[in-house]
Each structure stands twice: as C-alpha cells, then as structure tokens.
Amino acid sequence: MNIRIVSDSSANLLDGTSPEFASVPLKISTGERDFIDNAQLDLEDMLAHLRQYRGKSGTSCPSVAEWLDRFDGADWIFAITITSKLSGSYQSACIAAQTYQEQNPDAKVFVIDSLSTGPEMVLLIEKLQELIGQGLDFDQICTAIGEYQAHTHLIFSLQSVDNLSKNGRIPVPIAKAVSLLGLRIVGSALDGKLHPMHKCRGEKRAIAQLWQSAEEMGFHGGKVRISHTQNPEGAQAFAALVRERYPDCDITITCNRGLCCFYAEQGGLIIGFSTEN
Ligand code: X90
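Residues numbered from 1 in each chain as written. Predicted model: local features only at pLDDT ≥ 70, side-chain atom pairs only at ≥ 80, totals over all residues. Heavy atoms only, no water.

Engineer: What exactly am I supposed to notice about the pairing of strand β1 (residues 3-8) here?
Structural biologist: In the case of a regular strand, side chains alternate between the two sheet surfaces. Of all six residues making up β1, five are buried, and the element is well covered by its neighbours. Looking at chain direction, β1 and strand β6 (residues 76-81) are connected through five bridges and run parallel. Bridging from a neighbouring strand, I5 pairs with F78 of β6. Inspection of the sheet shows β1 paired to strand β2 (residues 21-24) by four bridges, in the parallel sense. By the bridge assignment, S7 is partnered in β2 with S23. (Buried < 20%, exposed > 50% of the residue type's maximum accessible area, 1.4 Å probe, protein only. Helix = DSSP H or I, 4+ residues; strand = E, 2+ residues; numbered from the N terminus. Pairing = 2+ DSSP bridges.)

Below, the structure is given as structure tokens:
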C-alpha cells in the first residue's frame with residue numbers, strides 16, 4: 001500500500017521532507033522572470049529581484065497536471081491546498097483527484113481545503129502523518145483530519161501588504177494604511193480569508209498582540225509552527241513569549257518559501273497553532 005501526502009508549496013515544506021510527502025509548486029512571476037516554488041528556488045535571488053523590479057508581479061497555482069504528477073503511483077492520497085478563497089490550487093487538486101480516480105479506480109484521494117496556508121497546513125500534514133502511523137483506514141483518517149481542522153488556527157503579522165493588495169487579495173485601503181503609517185497588520189485566517197484585526201506600531205507591540213490574539217483564540221499550550229520572511233528575531237521573540245507561559249511547548253521555526261515570501265513580504269510572521277494539547 002502506497003500512501004502519500006501531497007501539499008502545494010504554500011506549506012513551506014520541501015519535496016521529500018519525509019518519504020511519503022510530496023510538494024507541488026506554485027509560481028511567482030514578474031514581467032522578466034518566473035520563479036518555481038520548489039527546492040531549487042534560490043530565495044535570496046528571488047527577493048533581490050522583487051526588491052528592484054518595478055513592474056507587475058503575481059503568482060499562479062499548480063496545474064492539474066502538476067498535481068497528477070505527484071499523485072502518480074499512490075493508492076491513498078491526501079492532498080492539501082492553500083485556501084480556496086484566495087487561490088485556484090484547491091480547484092486544480094480536485095480536478096486532478098477526479099482524473100486520477102477515473103484512471104485508477106482502486107485508488108482513493110481526499111482533497112483538503114486548508115482555508116489557510118503555511119504553518120497551519122504543516123499542522124494538518126503532521127496530523128495526517130500521525131493518523132497514518134496509527135494504521136487507521138482511509139475514511140477514519142478523513143473524518144479525524146476534518147475534526148482536527150476545527151482546532152487549528154493561523155495568525156500573522158505583516159509589515160507590507162503591497163503584493164497582497166496589488167494582486168487583489170485584500171482591500172486597497174488596508175494596504176494604504178500599512179504603507180503610509182509604517183504599521184504592522186496583525187490578523188488571522190477567518191473563513192479562508194485574511195482577517196486584519198489590529199494595527200500595531202513596531203515589532204515589539206505586534207508580537208505582544210500576536211500572543212494576546214493566540215490566547216484569545218483558545219491557545220493553551222498546544223503545538224506552535226512559525227514561519228517567517230527573513231525575520232528569525234521576530235519568530236524567536238514570539239516563541240519566547242509562548243515559552244514564558246508554556247515552557248515545554250512544541251514550537252518549530254522555519255523560513256517561508258517562495259509563495260509565502262512573496263505575500264508575507266519582508267519581516268512577515270505567520271503562526272499556526274493548535275488549541276488541542
Ligand atoms: O493561486 C495563487 O496564485 C496563490 C495566491 C495566494 C494568495 C494569498 C497568500 C497569502 C500568504 C499571507 C499571510 C497569511 C494569510 C492567511 C490567509 C488565509 C501569506
């Protein structure tokens with residue numbers, strides 16, 4: 001039995017991180033260059049290009065063929081995508097799932113709309129690995145992951161939302177407020193969309209606000225997964241606040257890959273946490 005977890009690259013996990021895991025890249029494009037969000041992507045090079053490029057830039061979701069390529073050969077597939085409210089990745093994965101099942105009638109494919117991105121997807125992937133490890137059957141895993149999803153959340157702090165606003169992913173007035181006043185937007189993923197909650201002046205206040213929001217959303221010592229765009233200090237500072245209260249908390253810190261770097265931008269922090277211990 002070949003079981004596979006396939007995620008799009010917005011989860012910031014590289015292809016082959018574990019034997020049963022595969023990643024499908026999104027793409028970041030400017031008028032001059034295309035960047036494929038896979039393990040070969042040179043992030044420094046992409047960020048340097050974006051800093052000096054003045055024209056239009058954007059992203060595109062994986063194609064049906066790219067999802068199918070990663071499904072190939074598996075008997076059970078759990079595919080997980082960035083929120084369907086902001087990307088076509090989920091649609092692509094669903095069409096791929098249908099096609100794969102037509103071609104392989106014995107195979108089972110379950111597509112999960114994370115209604116989120118980055119570190120919250122990591123939590124779902126880790127839970128899938130755990131459930132598979134427990135030897136549950138396919139339908140039991142699908143039910144259990146759905147239940148777990150109700151206990152995971154995503155919060156973020158962004159210093160710039162230019163790329164989100166230029167690509168129509170948040171309203172323009174919010175973007176203007178951030179860039180004019182040098183504020184950070186602290187918010188959460190709500191119904192699969194960005195939900196700005198607070199404007200904070202300075203990194204320290206933004207991090208304190210993130211922690212307050214996490215507690216208000218029901219965090220009490222569960223798992224914490226942090227990803228950042230060239231901001232290890234911010235990520236560490238948040239982790240330190242968590243550890244003050246929950247010294248043994250399971251926390252990891254990773255760098256954003258291409259897609260999350262493009263949208264979370266310089267200094268961006270994205271935090272997934274579970275309210276289950
Ligand atoms: O299909 C595509 O081209 C991808 C479009 C993705 C747009 C949104 C990416 C957001 C990335 C920003 C902070 C966390 C927001 C969570 C929202 C649910 C990261």
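Engineer: Before we go on, may I ask you to explain the side chain of S165 in this structure?
Structural biologist: Structurally, the position occupied by S165 is in helix α6 (residues 162-166). Assessed through its relative accessible area of 16%, S165 is described here as buried. Residues contacting S165, with those up to four places away along its chain left out, are I170 and A175. (Contact = heavy atoms within 4.5 Å.)

Engineer: Help me out: how do you make sense of the site of the ligand in this one?
Structural biologist: Lining the immediate environment of the ligand, one finds 18 residues, of which T59, C61, L86, S87 and R169 sit closest. T59 is positioned such that a nitrogen or oxygen atom in its side chain is 2.5 Å from an oxygen atom of the ligand. At 2.7 Å from an oxygen atom of the ligand is found a side-chain nitrogen or oxygen belonging to S87. When the ligand sits alone it has 550 Å² of accessible area, and the protein chains cover 99% of it. (Near = heavy atom within 4 Å. Polar contact = N/O pair within 3.5 Å; in protein donor to acceptor, adjacent residues only side chain to side chain. Areas by Shrake-Rupley, 256 points an atom, 1.4 Å probe, with all protein chains shown as cover.)

Engineer: Explanation requested: the sheet that holds strand β10 (residues 193-200) in the structure shown.
Structural biologist: Think of a sheet as strands paired side by side through backbone hydrogen bonds, with each pair either parallel or antiparallel. In spatial order, the strands read β10-β9-β8-β13-β11-β12; together these six strands make up an open sheet with mixed pairing. Of all the strands in the sheet, just β10 and β12 (251-255) have a single pairing partner and so form its edges. Strand-to-strand twist of the sheet, defined as the mean angle between neighbouring strand axes without regard to direction, takes the value 20°. In this structure, strand β9 (residues 184-190) lies alongside β10, joined through seven bridges in antiparallel fashion. (Axes fitted to C-alpha atoms, helices over the stretch in contact; angles between N-to-C directions.)

Engineer: How should the packing of aromatic side chains be read in this particular structure?
Structural biologist: Any aromatic ring pair is given by two values, namely how distant the centres are and how the planes are angled relative to each other. Within this structure, the stated rule accounts for nine aromatic pairs. Ring geometry for W67 versus F71: centroids 6.1 Å apart, planes at 50°, classification tilted. Within this pair, W67 and its partner F71 are both found in helix α2 (residues 64-71), separated by four residues, close to a single helical turn. Assessed through its relative accessible area of 0%, W67 is described here as buried. Each ring, one from F262 and one from Y263, has its centre 4.8 Å from the other, and the planes form 85°; the classification is edge-to-face. (Phe/Tyr/Trp six-rings, centres within 6.5 Å; stacked < 30°, edge-to-face > 60°.)

Don't take any of this as a statement about function, it's just geometry.
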